[in-house]
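Now for the letters of each chain:
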Amino acid sequence: MLRHGVRMQEGSAIPMLHYRGFALRENVSSMLSIWIEGMREVDPTKARELLSSNMSLEEIQAEISRGNITYRGVLRLAQDVYQLRGISLSRSGNITRIDAELARIRFRDARAAEGAEAGEVAGNINLTIDEDLQLGKGSMRIKAGSARGSYSIILETLPEGMRRGCNYQAPRA
(Lines give C-alpha, C1' and ligand atoms only; values in the text may rest on other atoms or scores of the structure.)
Protein backbone atom coordinates (compact mmCIF):
# COMPACT_ATOMS: atom_id res chain seq x y z
CA MET A 1 0.00 0.00 0.00
CA LEU A 2 1.30 3.47 -0.83
CA ARG A 3 0.62 6.59 1.17
CA HIS A 4 2.23 9.82 -0.04
CA GLY A 5 5.31 8.13 -1.42
CA VAL A 6 5.84 5.65 1.41
CA ARG A 7 5.47 1.95 0.71
CA MET A 8 3.89 0.25 3.70
CA GLN A 9 4.90 -3.35 4.41
CA GLU A 10 3.71 -5.31 7.43
CA GLY A 11 3.37 -2.21 9.60
CA SER A 12 6.79 -0.80 8.75
CA ALA A 13 7.43 2.01 6.30
CA ILE A 14 10.03 1.68 3.53
CA PRO A 15 10.38 5.17 2.06
CA MET A 16 10.35 5.57 -1.71
CA LEU A 17 10.17 9.32 -2.11
CA HIS A 18 10.24 11.51 -5.21
CA TYR A 19 9.93 15.26 -5.10
CA ARG A 20 10.00 17.84 -7.85
CA GLY A 21 10.11 21.60 -7.57
CA PHE A 22 12.28 24.67 -7.79
CA ALA A 23 15.48 25.90 -6.21
CA LEU A 24 15.58 29.69 -5.97
CA ARG A 25 18.85 31.64 -5.80
CA GLU A 26 18.78 35.44 -6.04
CA ASN A 27 16.55 36.14 -9.09
CA VAL A 28 17.06 32.75 -10.74
CA SER A 29 15.00 29.58 -10.39
CA SER A 30 16.17 26.11 -11.42
CA MET A 31 14.27 22.84 -11.74
CA LEU A 32 14.95 20.44 -8.87
CA SER A 33 14.23 16.70 -8.54
CA ILE A 34 14.96 14.54 -5.52
CA TRP A 35 14.72 10.74 -5.29
CA ILE A 36 15.18 8.91 -1.98
CA GLU A 37 14.68 5.23 -1.33
CA GLY A 38 14.95 3.28 1.87
CA MET A 39 16.17 -0.27 2.04
CA ARG A 40 16.92 -2.96 4.51
CA GLU A 41 20.20 -4.64 3.76
CA VAL A 42 20.50 -8.30 4.64
CA ASP A 43 23.86 -9.98 4.92
CA PRO A 44 24.00 -12.85 2.37
CA THR A 45 25.00 -15.33 5.11
CA LYS A 46 22.00 -14.27 7.21
CA ALA A 47 19.72 -14.57 4.16
CA ARG A 48 20.95 -18.14 3.50
CA GLU A 49 20.41 -19.07 7.15
CA LEU A 50 16.86 -17.70 7.09
CA LEU A 51 15.98 -19.41 3.81
CA SER A 52 17.38 -22.76 4.93
CA SER A 53 15.54 -22.61 8.25
CA ASN A 54 12.09 -24.06 8.82
CA MET A 55 10.61 -20.59 9.11
CA SER A 56 7.63 -19.56 6.98
CA LEU A 57 8.00 -16.71 4.48
CA GLU A 58 6.01 -14.47 6.82
CA GLU A 59 8.40 -15.25 9.69
CA ILE A 60 11.42 -14.58 7.45
CA GLN A 61 9.91 -11.26 6.32
CA ALA A 62 9.22 -10.31 9.96
CA GLU A 63 12.84 -11.14 10.86
CA ILE A 64 14.20 -9.02 8.01
CA SER A 65 11.84 -6.12 8.80
CA ARG A 66 13.48 -5.78 12.23
CA GLY A 67 16.64 -4.49 10.55
CA ASN A 68 17.54 -0.84 10.22
CA ILE A 69 16.52 1.13 7.17
CA THR A 70 19.33 2.80 5.22
CA TYR A 71 18.71 5.51 2.67
CA ARG A 72 20.20 6.44 -0.67
CA GLY A 73 19.22 9.27 -2.93
CA VAL A 74 19.94 11.55 -5.86
CA LEU A 75 19.31 15.25 -6.38
CA ARG A 76 19.21 16.89 -9.77
CA LEU A 77 19.53 20.66 -10.00
CA ALA A 78 19.08 21.79 -13.61
CA GLN A 79 21.82 19.71 -15.34
CA ASP A 80 23.92 18.99 -12.24
CA VAL A 81 23.50 15.68 -10.42
CA TYR A 82 24.39 15.07 -6.77
CA GLN A 83 24.38 11.97 -4.60
CA LEU A 84 22.61 12.42 -1.27
CA ARG A 85 24.85 11.14 1.53
CA GLY A 86 24.28 10.72 5.23
CA ILE A 87 20.54 11.02 4.73
CA SER A 88 18.63 11.64 7.93
CA LEU A 89 14.89 11.12 7.53
CA SER A 90 12.57 11.63 10.49
CA ARG A 91 8.80 11.82 10.85
CA SER A 92 6.62 13.53 13.41
CA GLY A 93 2.92 13.32 12.68
CA ASN A 94 2.40 14.42 9.08
CA ILE A 95 5.76 16.24 8.86
CA THR A 96 8.84 14.60 7.32
CA ARG A 97 12.25 16.19 7.86
CA ILE A 98 15.13 15.34 5.52
CA ASP A 99 18.76 16.39 5.98
CA ALA A 100 21.64 15.24 3.76
CA GLU A 101 25.01 16.13 2.33
CA LEU A 102 25.43 16.59 -1.43
CA ALA A 103 28.29 14.91 -3.31
CA ARG A 104 28.90 15.77 -6.96
CA ILE A 105 28.40 12.94 -9.46
CA ARG A 106 30.32 13.08 -12.73
CA PHE A 107 29.60 10.93 -15.71
CA ARG A 108 32.34 9.64 -18.00
CA ASP A 109 31.34 11.80 -20.94
CA ALA A 110 30.79 14.97 -18.87
CA ARG A 111 33.20 17.85 -19.16
CA ALA A 112 35.30 18.66 -16.13
CA ALA A 113 33.50 21.26 -14.04
CA GLU A 114 35.06 23.71 -11.66
CA GLY A 115 34.97 23.08 -7.94
CA ALA A 116 34.51 19.83 -6.08
CA GLU A 117 35.76 16.60 -7.59
CA ALA A 118 33.33 13.75 -8.11
CA GLY A 119 32.52 12.14 -4.79
CA GLU A 120 33.58 15.11 -2.63
CA VAL A 121 30.97 16.74 -0.42
CA ALA A 122 29.78 19.83 -2.28
CA GLY A 123 27.03 21.07 0.02
CA ASN A 124 24.00 20.16 2.08
CA ILE A 125 20.19 20.23 1.96
CA ASN A 126 17.49 20.53 4.64
CA LEU A 127 13.82 19.90 3.81
CA THR A 128 10.52 19.88 5.66
CA ILE A 129 7.65 18.08 3.91
CA ASP A 130 3.98 18.28 4.91
CA GLU A 131 2.71 14.83 3.89
CA ASP A 132 -0.96 15.85 4.07
CA LEU A 133 -0.46 18.77 1.67
CA GLN A 134 2.24 16.90 -0.31
CA LEU A 135 4.26 20.12 -0.33
CA GLY A 136 7.64 20.99 1.08
CA LYS A 137 10.15 23.74 1.58
CA GLY A 138 13.74 23.95 2.62
CA SER A 139 17.18 25.27 1.96
CA MET A 140 20.28 24.06 0.16
CA ARG A 141 23.85 25.26 0.10
CA ILE A 142 26.30 24.34 -2.64
CA LYS A 143 29.90 25.38 -2.06
CA ALA A 144 31.56 24.49 -5.39
CA GLY A 145 31.05 24.69 -9.14
CA SER A 146 28.80 26.86 -11.25
CA ALA A 147 25.81 26.12 -8.97
CA ARG A 148 27.62 27.59 -5.94
CA GLY A 149 25.33 29.50 -3.60
CA SER A 150 22.46 29.33 -1.13
CA TYR A 151 19.03 28.27 -2.36
CA SER A 152 15.47 28.30 -1.08
CA ILE A 153 13.52 25.23 -2.13
CA ILE A 154 9.85 24.72 -2.91
CA LEU A 155 8.70 21.24 -3.92
CA GLU A 156 5.84 18.81 -4.20
CA THR A 157 5.52 15.06 -3.74
CA LEU A 158 5.06 13.35 -7.09
CA PRO A 159 2.10 10.98 -7.37
CA GLU A 160 2.95 7.26 -7.81
CA GLY A 161 2.06 7.27 -11.52
CA MET A 162 4.71 9.91 -12.22
CA ARG A 163 7.54 8.06 -10.44
CA ARG A 164 8.11 5.46 -13.11
CA GLY A 165 11.66 6.41 -14.00
CA CYS A 166 14.05 9.29 -13.94
CA ASN A 167 13.18 10.68 -17.37
CA TYR A 168 9.42 10.89 -17.00
CA GLN A 169 8.00 14.27 -17.99
CA ALA A 170 4.42 15.29 -17.43
CA PRO A 171 2.39 15.74 -20.62
CA ARG A 172 2.02 19.31 -21.84
CA ALA A 173 -1.40 20.86 -21.60
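See the structure printed just above.
Residues numbered from 1 in each chain as written. Predicted model: local features only at pLDDT ≥ 70, side-chain atom pairs only at ≥ 80, totals over all residues. Heavy atoms only, no water.

Undergrad: Is there a simple way to think about the side chain of H18 in this case?
TA: In this fold, H18 is placed in strand β3 (residues 12-25). Among the polar contacts made by the side chain of H18, one reaches the side chain of W35 at a distance of 3.0 Å. (Helix = DSSP H or I, 4+ residues; strand = E, 2+ residues; numbered from the N terminus. Polar contact = N/O pair within 3.5 Å; in protein donor to acceptor, adjacent residues only side chain to side chain.)

Undergrad: Could you clarify how one ought to interpret the nonpolar core in this entry?
TA: Across soluble globular proteins, nonpolar side chains have a tendency to be buried as a group. By size, the foremost hydrophobic cluster in this structure holds 25 residues, and its most contacted members are I34, L75, L77, L84, I98, I125 and M140. Setting aside anything within four residues of it in sequence, one finds I125 in contact with I34, L75, L84, I98, D99, A100, L102, S139, M140 and I153. (Core = buried A, V, L, I, M, F, W, Y, C linked by side-chain atoms within 4.5 Å. Buried < 20%, exposed > 50% of the residue type's maximum accessible area, 1.4 Å probe, protein only. Contact = heavy atoms within 4.5 Å.)

Undergrad: Which parts of the structure should I look at to understand the environment of F22?
TA: Of note, F22 is situated in strand β3. Apart from residues no more than four positions distant in its own chain, F22 is found in contact with S29, S30, M31, L32, S152, I153 and I154.

Undergrad: For this particular structure, what's the right way to read the pattern of salt bridges?
TA: Side chains that carry opposite charge are capable of pairing whenever their charged atoms lie near each other. As enumerated under the stated definition, the model contains four salt bridges in all. Across the pair D80 and R104 runs a salt bridge, and its minimum N-O distance is 3.3 Å. One end of the pair, D80, is in strand β6 (residues 80-92); the other, R104, is in strand β7 (residues 95-104), with 24 residues separating them in the sequence. R104 matches D80 in its accessibility class, with the two residues each being buried. (Salt bridge = Lys/Arg side-chain N within 4 Å of Asp/Glu carboxyl O.)

Undergrad: Would you explain the environment of A144 in this entry?
TA: Among the secondary structure elements, A144 is positioned in the loop between β9 (135-142) and β10 (149-157). Separated by 22 residues in sequence, A144 and A122 have C-alpha atoms that sit 5.9 Å apart.

Purely spatial values, then, with no claim about function.
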